[in-house]
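# Inside the fold
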Amino acid sequence: MSEKSKFFPVISVLTVIVILWYGFSVVLNSPWAFDQAKRNTISLSFPELVSKTWSQKRPKLPTPHQVASEMWNTTVHQKITSKRSLVYHTWITFSETMFGFLLGTSLGILLAIAIVHNRATAISVMPWIITSQTIPILALAPMIIVALGSAGFSGLLPIAIISMYLSFFPVVVGMVKGLRSPERLELDQMKTWSASGPQVLIKLRLPKSMPFFFTSLKLGMAAALVGAIVGELPSGGGGGLGFRMLSGSTFGNTLHIWSGLFSAALLAAALITFIGILQKVILKKMALEL
Amino acid sequence: MHQPNVIEASNLHLSFETNDGPVNALSDVNLSIKKGDFVSFIGPSGCGKTTLLRVLADLDEPTSGAVTVNGVSPRDARLARAYGYVFQAAGLYPWRNISSNIKLPLEIMGYSKSEQKSRVSKVLELVELLGFEKKFPWQLSGGMQQRASIARALAFDADILLMDEPFGALDEIVRDHLNEQLLKLWKSTNKTICFVTHSIPEAVYLSTKIVVMSPRPGRIIDVIESDLPIDRPLEIRDTKKFIELSQRVREGLRSGHSDE
Ligand SMILES: Nc1ncnc2c1ncn2[C@@H]1O[C@H](COP(=O)(O)OP(=O)(O)OP(=O)(O)O)[C@@H](O)[C@H]1O
Ligand SMILES: [Mg+2]
């Protein structure tokens, strides 16, 4: 679909969501508003009820504009080194994500190369790779944190490991497919030149795998972010968007939860858009667009 | 006058194991090719032309029989880079321009940068593509791409050129032109060329030796030594000799069919 024809469906869905959201804010926040009114022995007209439910300090469901202003305030009106700053937490999650993403991508590429070049590796390693993804990360994350913690590692590294654990998988799968994408003709051609394995890898398999590579990177990046956020939950104290959402949930501060959630979504969108731009530019230059 | 055989095949058999049982792709193939020969392989689809070429190139292994290329096994000949192989599809890399596509085998074979450069311009001149170094494959017509792929096979010093229907996907006018160029190139380089084709005029026009094949099982049914002069303008196709040769090829093809 072209950009233009995508615009209207997206906008109409968005509008419906926002309207529903405001509606639910009224419904979910009204018990507290009625409570307050009763205590002050006043009765509420419908417009009064709506305005009260849309402006509570600790709403069950904050409205979009409350979330937006919370995000604005905690971004612009806080020092970015303060624990109250959303920028501070986003930065922490961002660095964990990038670290985990780099580890996961490297591991994924190395595994894919080993799998493509060696049947024994393919047969012995592939089942473990798949099994690794069937273990719920929520159960695994605390164990990784504890294990690495007792080995003297804390802070960024354990979380990056959890992030890597999720992000290497789409990279392996995509890159195995990509490295196997050269056709028989291309491989035969290499054989007629008596090319070595590493030469075939560098001159044919890797360039040919680029479209798969970028798709894997996008999936890997999204997984790395989820991993970082999940990794922050059992780590405690370290900060980050996951930490902020968890503490928001512990203290019933829904604004923290929602603003953290949206920051995570924006971060994901920004990272994936960035990869998307790289993908467009590089594949176009290589004339590999599909 | 006595020249050594570049390619020698005797009692060659090859059957592919498939799910529907073995397929006899080559059966009792005997062939000798002298240095400097231009040999065409012609026959209906499935008669094993590609398979025979692939055996010579060590891309497929015969089930039984003996083959030598330059007096050694196909594998050793391949490792010694004795031949260039031109596939039906040009197989140029879209991310490399023409010059660096031609450099690809040279890089693999470890030629120096300056050597690569001089060889690229030499072969581009041979296939009349000078000036297109910086163009990318998608900027070239099909015929030009195929010429680039021939240039790539010529760039290293292989004295055997194996060509599997290199012009099969091109229209007749482009084909005529490329045939003329190929003949010129063959004369100026003194390479041994094995050329697969479906076209009788193409086979007769180009070859010093025409190998007629027939399918099920793939075998050679006639080997025709052509006595056309070495200098062949396109008009030679209207001469009596040319037409006689064509008829003999056609008869061979027909007799192969009547066996079925
Ligand atoms: N890798 C393979 N596995 C199984 N059968 C094969 C294989 N390659 C070729 N064959 C079979 O061997 C026979 C000869 O095939 P080959 O490709 O050599 O024919 P050809 O003369 O080149 O035909 P065409 O003119 O269509 O290119 C055919 O019956 C084909 O189906
Ligand atoms: Mg063929």
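Residue positions are given per chain, counting from 1 as you read along its sequence in written order. Starting at A for chains and at 1 for ligands, labels are handed out in the order in which the entities are written. Totals for whole chains, interfaces and linings use every residue, but because this is a predicted model, local features are given only for residues with pLDDT of at least 70 and side-chain atom pairs only at 80 or more, for both listing and counting. For the side-chain quantities, the full set of heavy atoms in the structure was used; hydrogens and water were omitted.

## Quick notes on the site of ligand 1
All names here are of chain B. Near, as used in this document, describes a residue that has one of its heavy atoms within 4 Å of the molecule or strand being considered. Lining the immediate environment of ligand 1, one finds 13 residues, of which S45, G46, K49, T50 and T51 sit closest. Pairs of N or O atoms are called polar contacts if they sit within 3.5 Å, as long as, within protein, a hydrogen donor faces a hydrogen acceptor (for residues adjacent in sequence, only side-chain-to-side-chain pairs). Here T51 contributes a side-chain N or O atom positioned 2.5 Å from an oxygen atom of ligand 1. H198 is positioned such that a nitrogen or oxygen atom in its side chain is 2.9 Å from an oxygen atom of ligand 1. Note on areas: Shrake-Rupley with a 1.4 Å probe; residue coverage comes only from the protein chains shown. For ligand 1, whose accessible area on its own is 640 Å², the fraction buried by protein is 66%. Where helices and strands are cited, they refer to DSSP runs of H or I of at least four residues and of E of at least two residues respectively, numbered from the N terminus. Looking at the shell around ligand 1, the elements with two or more residues in it are β1 (5–18), β2 (21–34) and α1 (49–56). Among the elements that take part in the shell around ligand 1, α1 stands out by supplying three residues, more than any other. Tallied by class, residues from the shell around ligand 1 come to four nonpolar, seven polar and two charged. Polar here means any residue other than Ala, Val, Leu, Ile, Met, Phe, Trp, Tyr, Cys and Pro, which are nonpolar, and Asp, Glu, Lys and Arg, which are charged; Gly is therefore polar.

## A short note on the interface of chain B and chain A
At the interface, 25 residues of chain B touch 19 residues of chain A. For the pairing of chain B and chain A, the buried interface totals around 2,000 Å² over both sides, and the portion due to carbon and sulfur atoms is 62%. Salt bridge, as applied in this entry: a Lys or Arg side-chain nitrogen positioned within 4 Å of an Asp or Glu carboxyl oxygen. At the boundary of chain B and chain A, one finds two salt bridges. For B:R54, the salt bridge goes to A:D188, with nearest N and O atoms at 2.7 Å. Applying the counting criterion to the chain B and chain A interface returns 10 residue pairs in polar contact (both at pLDDT 80 or more). Mapped by element, the contributors of at least two residues to the side of chain B that touches chain A are α2 (74–79), β5 (83–86) and α3 (98–108) of chain B. Broken down by element, the side of chain B that touches chain A gets its largest block of residues, four residues, from α3(B). Only heavy atoms matter for contacts: two residues are in contact if any of them lie within 4.5 Å across the pair. Accessible area that two parts lose when put together, with a 1.4 Å probe and added across both, is what the buried area reports.

## What about the sheet that holds strand β8 (residues 209–214) of chain B?
All names here are of chain B. Taken in spatial order, the six strands of this open sheet run β5-β6-β7-β3-β8-β9, and their pairing is mixed. Sheet topology places β5 and β9 (219–225) at the edges, where each strand pairs with a single neighbour. Sheet twist, expressed as the mean angle between neighbouring strand axes with direction ignored, is 15°. Two strands are counted as paired when DSSP detects at least two bridges linking them. Across five bridges, the pairing between strand β3 (residues 38–42) and strand β7 (residues 192–197) is parallel. Opposite F38, over in β7, you have I193 as the bridge partner. In this analysis an axis means a line fitted to C-alpha atoms, helices contributing only their contacting stretch, and an angle means the value between N-to-C directions, from 0 to 180 degrees. Against the sheet, α1 touches β3, β5, β6 (160–164), β7 and β8, its axis set at about 150° to β6.

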